[in-house]
Amino acid sequence: MIQKNRFEYEEILPVIRLFEYPKKIIITTHFKPDGDAMGSSLAMYNYLIAKGHDATVITPSDYPEFLFWLPGNDKVIEYPKNKELAAKLFSEADIIICLDFNQPNRTETLEEVITTSKAKKILIDHHLHPASFCDYTFSYPLSCATCELVYQFIVAMDDSNIINKDIANCIYCGIMTDTNSFRFETMTADTHRIIADLMDKGAENYKIHENVFDNFSFDRMKMVGFCMYNKLQMIPQFKTAFISLSKEDLEEFESTTGDTEGIVNIALAIKDVKLAAFFYETPKCIKISLRSKGSFSVKEMAQKYFEGGGHRNASGGKAFTSIEEAINLFVSILPEYRDELLK
Ligand code: 5GP
Ligand code: MN
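Definitions and limits used
Residues numbered from 1 in each chain as written. Chains lettered and ligands numbered in written order. Predicted model: local features only at pLDDT ≥ 70, side-chain atom pairs only at ≥ 80, totals over all residues. Heavy atoms only, no water. Core = buried A, V, L, I, M, F, W, Y, C linked by side-chain atoms within 4.5 Å. Buried < 20%, exposed > 50% of the residue type's maximum accessible area, 1.4 Å probe, protein only. Helix = DSSP H or I, 4+ residues; strand = E, 2+ residues; numbered from the N terminus. Contact = heavy atoms within 4.5 Å. Domains from an automatic or database assignment. Buried area = accessible area lost by both parts, 1.4 Å probe. Salt bridge = Lys/Arg side-chain N within 4 Å of Asp/Glu carboxyl O. Polar contact = N/O pair within 3.5 Å; in protein donor to acceptor, adjacent residues only side chain to side chain. Nonpolar A, V, L, I, M, F, W, Y, C, P; charged D, E, K, R; others polar. Phe/Tyr/Trp six-rings, centres within 6.5 Å; stacked < 30°, edge-to-face > 60°. Lys NZ or Arg CZ within 6 Å of the ring centre and 35° of its normal.

Student: Let's hear about the nonpolar core: which residues, and what values?
Tutor: Grouped burial of nonpolar side chains is what soluble globular proteins tend to show. The biggest cluster of nonpolar side chains holds 55 residues, and the ones touching the most others in it are Phe19, Phe153 and Leu198. No other element matches the 8 residues that helix 6 (residues 165-178) contributes to this core. Residue contacts for Phe153: discarding those within four places in its chain leaves Phe7, Ile12, Val15, Phe19, Met44, Tyr47 and Ile124. The next biggest cluster of nonpolar side chains, apart from the first, holds 23 residues, and it includes Leu275, Ile286, Ile288 and Ala319.

Next up, the structure:
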């Protein structure tokens, strides 16, 4: 049996009223959106269009090509590529729906336009400690993915009959990517039941896995080989492994947005490794991905040392230093976590 829906009827009632008549709605998500961010945004988009609303997804940046198959992707507006149209749509919007982020600065380029907008704002998210910048905040950090919450939102709106193949495919994609293919501890029996319902509604599990995981360029696969053979480093005394890619490395493999996704998992897959890190150089900063196994939490490390955050087993952050300095900082803080790492 599916457990209680996270969206309580009393809490969602004002939102049901808000959506009673056709509205101009913007759906937005975090900078460099991932599978959950785009899956939840496009699931919401397809749902609202089916309800007769005028909805648009506006992303604060580009996103990986392996997500372009998502239904409705051709209608997405990337803010940096179409600033004028995006600004106009924001100024006319009745409602802004914020998905898969907890702080407005996670949108980077859209922070100001979101926080200063007069539109009613709704947040649906699964990161801890949401900032209070929305009129309606639905924050459920125990949920494995924002896509799971969008499913429960639609059900709570009494619209489960609207979930068609397109919406089911979008929701499946986000749950799959945020749970690393249904393997994280956040993946509950209930989420499996939601997945089963999505398949009943037409989600094409085999196609989604292929689109997301078997869709890399030849150069990207060579880059993975380079990471494994030349760049993987192990610090056995702290059960830690890490990989780094400089601007030159990324250029050599003609890396594009999304090519670095998943590389941190190579380091985490080593036997006995509890903590894995991946550093790569971007034009603005060094991006850091942190992953862990079991009870060791990377969230605090991301917050304390890398201006970031996230979840217990998957967090990220950034450093405004050289890549060598970022790695040195990471290695220098490991003794602080010794007891937890060696537990
Ligand atoms: P990734 O390593 O895949 O970039 O990010 C993993 C998770 O860490 C994301 O789902 C997100 O929750 C969090 N995260 C990544 N980068 C940042 C960041 O710069 N700031 C914050 N607050 N969280 C981040
Ligand atoms: Mn997410």
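There's plenty left to go through after this.
Student: I'd like to hear about the domain arrangement of the chain, residue by residue, with values.
Tutor: Here the chain is described as being made up of domain 1 (9-213) and domain 2 (218-341). Computed over C-alpha atoms, the centres of domain 1 and domain 2 are 27 Å apart. Facing the 14 residues of domain 1 at the interface are 10 residues of domain 2. Contact between domain 1 and domain 2 buries roughly 990 Å² in total, counting both sides, with carbon and sulfur atoms accounting for 50%. For the pair domain 1 and domain 2, the number of links is 2 salt bridges. The salt bridge involving Glu185 is made with Arg312; its shortest N-O contact spans 2.6 Å. Counting across the domain 1 and domain 2 interface gives 5 residue pairs in polar contact (both at pLDDT 80 or more). Its residues assigned to classes, the side of domain 1 that touches domain 2 shows 5 nonpolar, 3 polar and 6 charged.

Student: Got a sec to walk through the packing of aromatic side chains? Specific residues and values, please.
Tutor: One pass over the structure, following the stated rule, counts 15 aromatic pairs. Note on Tyr63 and Phe68: the rings are 5.5 Å apart at their centroids and 80° apart in plane angle, and the pair reads as edge-to-face. Relative to Phe330, the ring of Phe279 has its centre 5.5 Å away and its plane inclined at 70°; by these criteria the two rings are edge-to-face. Taken as a pair, Phe279 in strand 9 (residues 275-281) and Phe330 in helix 13 (residues 323-333) lie far apart in primary sequence, 51 residues in all. The exposure class assigned to Phe279 is buried, which follows from its relative accessible area of 0%. For Phe330, a relative accessible area of 0% gives the class buried. One aromatic cluster is present, built from ring pairs that chain together Phe7, Phe19, Tyr47, Phe138, Tyr140 and Phe153. If you follow Arg220 out to its NZ or CZ, it ends over the ring of Phe216, 3.8 Å from the centre.

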